[in-house]
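Chain by chain, the residues:
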Amino acid sequence: MRKRKPSLSPLLITDRELVELQLEHGAQTGVDFLNNILRKMNTLVHSRIDLIVVCDQEECTPTIVAISLEGDAQNSVDSIILAICQHLKNRQDSVFQFTKNQLGATIQPLETADYIGASFSLKEHNAYGFILSVFDDQCQQPTAVLRVHEILLPRIAAETARIVHEKKLTNELQQFRFALNTINLGVYEWNTTKDISVFNKHLFDIIEYQEGDFETTFKNWVSIVHPEDYDKLAVIIEQNREHEQTVYPPVRYRIRTKSGNYKWVEVQSYSYTDKTDNTRHNIGTIKDIDQQLKAEQKLNEIQQREFQLHQQIYQREKLYAFALKAGNLGVYNWYVKEGRAVMSQKLAEILGREEKDFEISFSDWLSLVHPDDQWQFNWKNYHQQAIHNPH
């Protein structure tokens, strides 16, 4: 049987003391601030549990951001959290203070007599949050507890919003990094004012350096660029103004890797001015296109050879046609596997045929050959050999 807290004396805390409490932890932010404030408040208002919850507006999914409690009681507050979330889901109030009597929630199996809380809105994240104090006995001074919540709530709401925002940024950053790793892009950020650069891991992979082996300054980057490509680094290259950013079109140049070999890369970047500290930044992506360009070069060579071959065939066909016309020759195409031959117009004339082009079988052709000369052809045996031995 859990021992209940004894009844305590009335709360004698002033607004000034609550403000000083916040100033005491003024240098802290996020979860550290919230946890320390809850511990102090747990002592001030004589509560058993104090916690801060964030809940998604649409899915009504609660998340405990910070908690201060006596013993192992966190699991026992799940029912009260869900009940409060359901009550607050459709409220539009930026701040709403509530008590157990107002919400009328039944709490089982938590052995508690009372709870008091205050909600706040996180509209930019489509969510809301609330601070909650849970008591073993009926709270004798709910007005004083509500006053504590009221004074601390603005800072609590601000720090909770910070946590939610940072979590969202962390998730987006992880997704962004995953996307970059998936598409194999090197990424850099260069503070041109202070000449400080940050490379992602894949960019180090592209230049074949370990992170500690290459100092990420613009001077060092220029040192690995092929001398013939220096002009492509000039900041006065074609540029377009988009809002207050300078957008640079894609540019290709060669860089020297740690192995001493050069490879082609494609760089796309933009520059902007950070008005908070008046520094100029350049952010860009770098793609390794060395194998792509080599494949394109090989394809171009193949296409060039094919073009030259077609030109040669065309020239030969022209010479062949001229030779046929000048030499008064008949021509045939013999399709061995199909057992047929196609004759040209001139050959048809030589054979005394009227057709412009005509097809005959091998046996038909042999029938046109003088019997004394047929021994020279032996086409039937050749035909059978070609069918069974195509190569």
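Computed from a prediction, not measured in an experiment: that's the story for all the values here.

1. Structural notes on the overall build of the protein chain
Across its full length, the protein chain holds 11 helices and 14 strands. Across the 391 residues in the protein chain, those meeting the buried criterion constitute 36%. Considering only residue pairs separated by 6 or more positions, the protein chain has 50% of its internal contacts joining residues 24 or more positions apart.

2. Some remarks on the sheet that holds strand β4 (residues 114–122)
Where strands meet in a sheet, backbone hydrogen bonds hold them as pairs that are either parallel or antiparallel. Reading across the sheet, the 5 strands line up as β2-β1-β5-β4-β3 and stay open at both edges, with antiparallel pairing between neighbours. Only two strands of the sheet have a single partner each, and these edge strands are β2 (62–69) and β3 (95–99). Taking the axes of each pair of neighbouring strands and ignoring which way they run, one obtains an average angle of 15 degrees across the sheet. Sheet topology places strand β1 (residues 49–56) next to β2; 7 bridges connect them, and they run antiparallel. Its bridge partner lying in β2, Asp50 is registered against Ser68. Relative to the sheet, helix α2 (residues 30–44) contacts β1, β2 and β5 (127–135), its axis offset from that of β2 by approximately 50 degrees. Relative to β5, helix α3 (residues 78–88) is tilted by about 135 degrees, and along the sheet it contacts β1, β2, β3, β4 and β5.

3. Brief notes about the environment of Gln102
In this structure, Gln102 sits in helix α4 (residues 100–103). With a relative accessible area of 53%, Gln102 lands in the exposed category. Along the primary structure Gln102 and Ile116 are separated by 14 residues, whereas in three dimensions their C-alpha atoms are 9.7 Å apart.

4. Re α2
With 15 residues, α2 extends 21 Å between its outermost C-alpha atoms, agreeing within 8% with the 21 Å of an ideal straight helix rising 1.5 Å per residue. Those residues of α2 that sit buried are Gly30, Phe33, Leu34, Asn35, Asn36, Ile37, Leu38, Met41 and Asn42.

5. Observations regarding the packing of helix α1 (residues 15–24) against α2
Relative to each other, α1 and α2 sit at 150 degrees, their axes nearing to 10 Å. Of the two possible hands of crossing, α1 and α2 adopt the one that is right-handed. Two secondary-structure elements touch here, α1 through Leu18, Leu21, Gln22 and Glu24 and α2 through Phe33, Ile37, Lys40 and Leu44. Its residues placed into classes, the contact of α1 with α2 shows 5 nonpolar, 1 polar and 2 charged.

6. Quick notes on the side chain of Ser197
By the secondary structure assignment, Ser197 is in strand β7 (residues 196–199). Classification of Ser197 by relative accessible area gives buried; the value is 11%. Contacts of Ser197, omitting those with residues within four sequence positions, involve Glu189, Trp190, Thr216 and Thr217.

7. Quick look at the pattern of salt bridges
Pairing is possible between side chains of opposite charge, provided their charged atoms come close. Tallied over the entire structure, the rule returns 12 salt bridges. The residue Lys263 makes a salt bridge to Glu208 at a minimum N-O spacing of 3.9 Å. Here the residue Lys263 occupies a position in strand β10 (residues 262–274), and Glu208 occupies one in the loop between α6 (201–207) and α7 (218–223), the gap between them amounting to 55 residues. Residue Glu266 is joined to Arg252 by a salt bridge in which the shortest nitrogen-to-oxygen separation is 3.0 Å.

8. Topic: unusual backbone geometry
Positive phi, normally seen in glycine, also occurs at His46, with a value near 60 degrees. Note that His46 resides in the loop between α2 and β1. Of the residues examined, His46 reaches a relative accessible area of 28% and is grouped as partly exposed. Non-glycine residue Asp195 carries a positive phi angle of around 55 degrees. Relative to the elements of secondary structure, Asp195 occurs in the loop between β6 (186–191) and β7.

9. A short note on α3
Every buried residue of α3 is accounted for by Ile80, Ile81, Ala83, Ile84, Cys85 and Leu88. Buried residues in α3 make contact with β1, β2, β3, α4, β4 and β5.

10. Points about the nonpolar core
Formed by 30 residues in total, the largest nonpolar core has its most connected members in Leu34, Met41, Ile52, Phe120, Ile131 and Ile156. Elements represented by at least two residues in this core include exactly α1, α2, β1, β2, β4, β5 and α5 (142–183). No other element matches the 10 residues that α5 contributes to this core. Excluding anything up to four places from it in sequence, Phe120 contacts Ile52, Ser94, Tyr128, Gly129, Phe130, Ile131, Leu153, Ile156, Ala157 and Thr160. Formed by 20 residues, the second largest nonpolar core is a distinct cluster that contains Cys55, Cys60, Ile84 and Tyr128.

11. Comments concerning the environment of Lys89
Tracing the sequence through the fold places Lys89 in the loop between α3 and β3. Residues Lys89 and Cys55 lie 34 residues apart in sequence; the distance between their C-alpha atoms is 8.5 Å. Look past the residues within four positions of Lys89 in its chain and what remains in contact with it is Gln57, Glu58, Cys60 and Tyr128.

12. Side note on the confidence of the model for the protein chain
For the protein chain, mean pLDDT is 78; residues scoring 70 or higher make up 80% of the total. Ranking the elements of the protein chain by mean pLDDT puts strand β8 (residues 240–242) last with 44 and α6 first with 90. Counting contacts from residues 1–9, a segment whose pLDDT is below 50, to residues more than four positions away or on other chains yields 15 contacts. This model gives residues 106–110 a pLDDT under 50, and the stretch forms 9 contacts once residues within four places in sequence are excluded.

Reading guide: rules and limits
Residues numbered from 1 in each chain as written. Predicted model: local features only at pLDDT ≥ 70, side-chain atom pairs only at ≥ 80, totals over all residues. Heavy atoms only, no water. Helix = DSSP H or I, 4+ residues; strand = E, 2+ residues; numbered from the N terminus. Buried < 20%, exposed > 50% of the residue type's maximum accessible area, 1.4 Å probe, protein only. Contact = heavy atoms within 4.5 Å. Pairing = 2+ DSSP bridges. Axes fitted to C-alpha atoms, helices over the stretch in contact; angles between N-to-C directions. Expected span 1.5 Å × (residues − 1). Left-handed = near helix turned anticlockwise from the far one by under 90°. Nonpolar A, V, L, I, M, F, W, Y, C, P; charged D, E, K, R; others polar. Salt bridge = Lys/Arg side-chain N within 4 Å of Asp/Glu carboxyl O. Core = buried A, V, L, I, M, F, W, Y, C linked by side-chain atoms within 4.5 Å. pLDDT = per-residue confidence, 0-100.

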